[in-house]
Structure formats: C-alpha cells, structure tokens
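# Structural description and commentary
For reference, the chains in residue letters:
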Amino acid sequence: MPHEHDDTQSVLRAALYVGVFLLLGAGVFARYVGPEAARAQPWRLWYMLSGGFLLTLGATLYGIYHVTWMLGDTSLMGRYLTETAQGHLLLARLGLLVGLLVLSMGWFRLDRWMYPPLALGLLLTLTLTSHAGVAGGLQLWAGLLHLGSGVVWAGCVLMLAVVWPGTRYEPVLRAIRRLSVLGSASLVLVALMGVYLSWVRLEEPSNLWTTAYGQFLLLKIGLVILVVGFAAVNRLWLLPRLQAKQAKGLQTVTLEAALIAGVLVISGFLATAEPPPPSS
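Heads up: these notes are all about the structure in this document. (Residues numbered from 1 in each chain as written. Predicted model: local features only at pLDDT ≥ 70, side-chain atom pairs only at ≥ 80, totals over all residues. Heavy atoms only, no water.)

## Some points on the pattern of salt bridges
Cut-off, in case you're wondering: Put simply, a salt bridge is a Lys or Arg side-chain nitrogen that is within 4 Å of an Asp or Glu carboxyl oxygen. The way it works is that DSSP assigns letters per residue, a run of H or I at least four long becomes a helix, a run of E at least two long becomes a strand, and they are numbered from the N terminus. Burial classification: accessible surface area is computed with a 1.4 Å probe over protein chains only, and a residue below 20% of its type maximum counts as buried, one above 50% as exposed, and the rest as partly exposed.
Applying the stated rule across the entire model yields five salt bridges. Asp111 serves as the salt-bridge partner of Arg31, at 2.7 Å between the closest nitrogen and oxygen. With Arg31 in helix 1 (residues 3-33) and Asp111 in helix 6 (residues 111-128), this residue pair connects regions lying 80 residues apart in the sequence. As far as the burial class goes, Arg31 and Asp111 line up, both buried. Between Arg168 and Glu170 there is a salt bridge; the shortest N-O distance is 3.4 Å. Three or more residues joined by partner-sharing salt bridges are found here, namely Glu36, Arg174 and Arg178.

Right, dumping it as structure tokens:
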C-alpha cells in the first residue's frame, strides 16, 4: 500500500478520535459533570456536540469511501457495508451517532439512562476496529476501558475549557469538583490499561525506539505525562484556590485541553501504525 494511503488512514483515525471525544465529552459533561455550566452556555455546548458529530460522521463516511477506493472500485461501498463485519460495525456507528445526537435534543425524559449504552456502543465500534479489536480477548476489554475512561476525563476537560469563559463562578466550581473526583478515577484506569496494552504489543523495550509504532507511543506517552502534570496542578493547586476565590485558572485548563487534543491526534497515527511482530 502506498505511504500516502497510510497517512490518509491515520488522519481519518485522528479526526475520528477528536470527533468522538468532542461529542461524548460534551454529552457526559452536560449530563453528569457540569450540567449547570452547560445550561449557562447552551450554544457552546451545541457547537461541541454538532462539531463532534460532524467530524465523526465525516471521518467515518470518508473512511468507507477510502477503503473501497483502495480496493479499486468505489461502487463496492454498499456491499462493503452490508456484507463485511467491519462494514456492519460502521453502519452501527452511523446509527449510534444519530441516536446520540437525537438524545442531545432533550426530547426524552430518560435521557440520563439512555445515554450511557449508546455512548458505550459508539466506543465499542472504535475498539473493535482497532488493534485491540483485532487481538480480541482481554486486549479488547482493556482497549474499551482505556478509551471510555479517556472520554470521561479528557472529553470533559475539553468541554470545561469551552464553557468556562463567561460562566458564573459557582457552576464552574461545581463542575471542577465533580471532574476532579471522576477524572482521578478515570486517569488511573487510562494509565493502567495503557500500560497493559503497551506491554502486550511491544513485548521488548527496544521496540519503543526501533519501530514506528513505538516511536508514536513514546510521543503519546510524553504528551500524556504533560497532561497529567497539568491535571495534578489543577487538582492540588488550582482547586483549593478556586474554592477560596483566589485564582481564575482558565489558562491551565486551556493548556491541558490543548495537550489532550495533541494526544488524540497522535493516538490516530498510533492506531494505524503496525505493532511490532510477535517474537518467535
């Protein structure tokens, strides 16, 4: 396969991750973490939701086209979607995307209970089309936990950075308190599952710097360490000062959100890089 095809797949996967994190991060934030802050900024919430939806939808649809184009016949798109396991997953993703967007309209009273299974289903379509999905077994569930925990923590940080400007102090503080507790647990899961997945795929430490997969992983680890550093500053230094009304804090949260966006882009390239072959 030509190198530019690999680049296209990597860019599409990166766009897919960014879109899903925007969509689900906004949904989780608005329902469970910062509903008061989200209600204070409905248009910003809608920009996040619609932007995440369109980015995920666009990456998925173009990905379908790109696969059949690489096969040499784009007229095969219908058969690819209806006659292959991956096509069925992509059709399910499209249906789940529409369902999540409809739920975000606020038309259903049981929205808080209907949202988690749809969100989990969307994440499962990503996991099943990743390295973890190909490996199956424990790697599949570890990949799903890694992705889901990342959405809860990183997606909500992205949303917090968007709704904070112009929002009153009390709703922001309540959102940060909830995110501090939920984010700490999510971050532990992200780290544990990430270490496990890296260990089973790399097998040997030297693969970190001798393979493209390892090099992308090193870059991702470096960015994650920076994100965790900002998260620790926000948890241990910023939150107490916000509670005492001694700091504003938007700058550090914005930097954390920007680094998270970088992690998502690198994750897209990591997801399409070939892991080192198993040692004989």
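## Let's talk about the nonpolar core
Selection criterion: What we call a nonpolar core is a set of buried Ala, Val, Leu, Ile, Met, Phe, Trp, Tyr and Cys residues that are connected through their side-chain atoms within 4.5 Å. Residue contacts are counted whenever heavy atoms from the two residues lie within 4.5 Å of one another.
Core analysis: the largest hydrophobic core is formed by 59 residues, its most contacted members being Leu23, Leu24, Phe29, Leu158 and Leu160. Considering each element in turn, this core owes the most residues, twelve residues, to helix 8 (residues 137-163). Leaving out residues up to four positions away in the same chain, Leu23 has contacts with Met48, Leu49, Gly52, Phe53, Leu97, Leu100, Tyr115 and Leu122. Core analysis: the next-biggest nonpolar cluster, separate from the first, contains six residues, Tyr213, Leu217, Leu270 and Ala273 among them.

## Concerning helix 11 (residues 212-243)
To keep things clear, this is the line we draw: Under the convention used throughout, the expected extent of a helix is 1.5 Å for every residue step, that is, one less than its residue count. The bend at a residue is defined as the angle formed between two axes, one fitted to the seven residues ending at that residue and one fitted to the seven starting there.
For helix 11, which comprises 32 residues, the first-to-last C-alpha distance of 45 Å matches the rise-based estimate of 46 Å (1.5 Å per residue) to within 8%. Maximum bend of helix 11: about 35°, positioned at Trp237, with proline Pro240 one to four residues after it.

## Some remarks on the packing of helix 3 (residues 42-71) against helix 5 (residues 85-103)
Rules: Whenever a helix is involved, its axis is fitted only over the stretch in contact; in every case the axis is a line through C-alpha atoms, and angles between N-to-C directions fall within 0 to 180 degrees. Working definition: roughly parallel below 35 degrees, roughly antiparallel above 145 degrees, roughly perpendicular at 65 to 115 degrees, and oblique for all remaining angles. Handedness of a crossing follows from how the near helix is turned relative to the far one, being left-handed for an anticlockwise turn of less than a right angle and right-handed for a clockwise one. Three classes are used: nonpolar for Ala, Val, Leu, Ile, Met, Phe, Trp, Tyr, Cys and Pro, charged for Asp, Glu, Lys and Arg, and polar for all others, with Gly counted as polar.
Interhelical geometry of helix 3 versus helix 5 gives an angle of 165° and a closest axis separation of 11 Å. The orientation of helix 3 relative to helix 5 falls into the category roughly antiparallel. By crossing handedness, the relation of helix 3 to helix 5 is classed as left-handed. Here Trp46, Phe53, Thr56, Leu57, Thr60, Leu61 and Ile64 of helix 3 come into contact with helix 5, specifically with Leu90, Arg93, Leu94, Leu97, Val98 and Leu101. Its residues placed into classes, the contact of helix 3 with helix 5 shows ten nonpolar, two polar and one charged.

## A closer look at a nonpolar patch on the surface
Threshold: Note that patches include only residues with greater than 30% relative accessible area and no salt bridge, and the join distances are 9 Å for like charges and 5 Å for nonpolar side chains (Val, Leu, Ile, Met, Phe, Trp, Tyr). Computed with the Shrake-Rupley method and a 1.4 Å probe, the accessible areas treat only the protein chains shown as cover for residues.
A cluster of nonpolar side chains, namely Trp209, Leu218, Ile221 and Ile225, defines an oily patch on the protein surface of about 410 Å² accessible area. For the nonpolar patch, the element with the highest residue contribution is helix 11, accounting for three residues. Structurally, Ile225 can be placed in helix 11.

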